[in-house]
Amino acid sequence: MATHTFTLPPLPYEYNALEPHISEQIMKLHHDKHHQAYVTNLNAATASQSEAFKNNDVKAEIALQSAIKFHGGGHINHSLFWPSLCPSSSPCSSPSSAPSFVAAIESQYGSLDTFKDAYNKLLMGIQGSGWGWIVKRNGRIEMEVTKDQDPITTGEVVLGVDMWEHAYYLQYWNDKAAYIKGVWEVINWETAEKRWGGKKVGDVRV
């Protein structure tokens with residue numbers, strides 16, 4: 001069983017590019033420390049899994065599954081998250097950059113504002129740590145919460161928002177609503193449009 005070495009993807013913008021909505025301090029901590037930790041621990045877990053496989057140690061393989069799920073999910077989720085954001089001064093932060101996706105939103109929800117309200121409610125309702133996702137399934141928009149670092153495993157992720165405290169606490173403290181409002185200012189609608197059209201952006205592949 002060959003092992004694959006996962007690597008930390010570079011941010012597609014500078015650390016301070018999302019200010020004032022997401023601070024440089026948060027981006028450095030979030031990307032360089034938290035995401036890197038998921039990558040490091042995923043590589044360690046998959047290397048141990050490979051060794052257990054070679055030794056026919058099924059118990060050890062089973063014992064490693066929770067670590068692979070957690071750290072693998074953390075790597076997948078953050079790799080999707082970074083390109084879901086862009087500077088608020090860039091054209092990619094405007095919904096006009098996603099005509100097909102916005103048309104689907106308006107067809108299904110009636111208006112962009114109604115869609116945003118529904119997503120905000122989903123994000124605010126997350127208890128503890130988790131993610132709020134916009135997923136395309138069978139040509140329709142679905143909203144879904146995953147706990148901790150569980151990844152989306154069916155459908156195609158269009159957008160996702162990290163609701164772990166490490167994503168916002170240094171700047172927004174416990175004001176999740178203000179963080180969500182800030183995220184809307186830096187959503188990368190170009191990425192959403194590409195993903196809605198079936199293009200992979202930020203996906204982790206072995």
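This text follows the structure it describes.
Conventions and cut-offs
- Residues numbered from 1 in each chain as written.
- Predicted model: local features only at pLDDT ≥ 70, side-chain atom pairs only at ≥ 80, totals over all residues.
- Heavy atoms only, no water.
- Helix = DSSP H or I, 4+ residues; strand = E, 2+ residues; numbered from the N terminus.
- Rg over C-alpha atoms; globule rule 2.2 N^0.38 Å.
- Buried < 20%, exposed > 50% of the residue type's maximum accessible area, 1.4 Å probe, protein only.
- Areas by Shrake-Rupley, 256 points an atom, 1.4 Å probe, with all protein chains shown as cover.
- Lys, Arg positive; Asp, Glu negative; His and termini not counted.
- Charge placed at Lys NZ, Arg CZ, Asp CG, Glu CD.
- Core = buried A, V, L, I, M, F, W, Y, C linked by side-chain atoms within 4.5 Å.
- Contact = heavy atoms within 4.5 Å.
- Phe/Tyr/Trp six-rings, centres within 6.5 Å; stacked < 30°, edge-to-face > 60°.
- Disulfide = S-S within 2.5 Å.
- Pairing = 2+ DSSP bridges.
- Axes fitted to C-alpha atoms, helices over the stretch in contact; angles between N-to-C directions.

A. Just the overall build of the protein, in detail. Helix and strand content of the protein: 8 helices and 3 strands. Overall, the protein shows an N-to-C arrangement of helices and strands of α-α-α-α-α-β-β-β-α-α-α. Taking 17 Å as the expected radius of gyration for a compact globule of 206 residues, we find that the protein reaches 18 Å, a close match to that expectation. The principal-axis extent of the C-alpha atoms belonging to the protein is close to 55 × 40 × 30 Å. Across the 206 residues of the protein, 45% fall into the buried class. For the protein, the exposed surface amounts to about 10,200 Å²; the carbon and sulfur share of it is 52%. Averaging the locations of the 18 positively and 22 negatively charged side chains of the protein gives two centres separated by 4 Å.

B. Structural context of the nonpolar core. Ranked by size, the top nonpolar core spans 45 residues in total, and within it Leu85, Phe101, Phe115, Ile134, Ile141, Tyr179 and Trp189 carry the most contacts. If you list the elements that add at least two residues to this core, you get helix H1 (24-54), helix H3 (65-81), helix H4 (99-109), helix H5 (112-124), strand E1 (130-137), strand E3 (156-162), helix H7 (176-185) and helix H8 (189-196). Those residues in contact with Tyr179, other than ones at most four positions away along the chain, are Phe81, Val161, Asp162, Met163, Ala167, Tyr168 and Tyr172. If you look at the next biggest cluster of nonpolar residues, it comprises 6 residues, including Phe6, Val39, Leu42 and Ile68.

C. Region of interest: the environment of Asn138. Following the sequence through the fold, Asn138 ends up in the loop between E1 and strand E2 (140-147). A residue is classified by how much of its surface remains accessible, and Asn138, at 82% relative accessible area, is exposed. For the pair Asn138 and Gly155, spaced 17 residues apart in the sequence, the C-alpha separation amounts to 7.8 Å.

D. Focus on the packing of aromatic side chains. Applying the stated criterion across every chain yields a total of 16 aromatic pairs. On the basis of an interplanar angle of 70° and a centroid distance of 5.7 Å, the ring pair of Tyr38 and Phe70 is categorised as edge-to-face. Taken together, the residues Tyr38 in helix H1 and Phe70 in helix H3 connect sequence positions 32 residues apart. Classification of Phe70 as partly exposed rests on a relative accessible area of 29%. Judged by centre distance (5.9 Å) and plane angle (75°), the ring pair of Tyr119 and Trp184 falls under edge-to-face.

E. Layout of the state of the cysteines. This model, assessed by the stated rule, comprises 1 disulfide. Paired through a disulfide, Cys86 and Cys92 show a sulfur-sulfur distance of 2.2 Å. Negative torsions about the S-S bond denote left-handed disulfides, and the value of about 135° found for Cys86 with Cys92 makes this one right-handed. Relative accessible area serves as the criterion here: at 3%, Cys86 is assigned to the buried category.

F. Quick peek at the sheet that holds E2. If you walk across this open sheet you meet the 3 strands as E2-E1-E3, and the pairing is antiparallel. Two strands in the sheet have a free side with no partner beyond their single neighbour: E2 and E3. Ignoring strand direction, the axes of neighbouring strands in this sheet form an average angle of 20°. Pairing of E1 with E3, which is carried by 6 bridges, proceeds in the antiparallel orientation. Note that in E3 the partner of Ile134 across the bridge is Leu159. Across the sheet, H4 touches E1, E2 and E3, and the angle it forms with E2 is around 90°. Each of E1, E2 and E3 is contacted by H8, which is oriented at about 150° to E3, the strand it contacts most.

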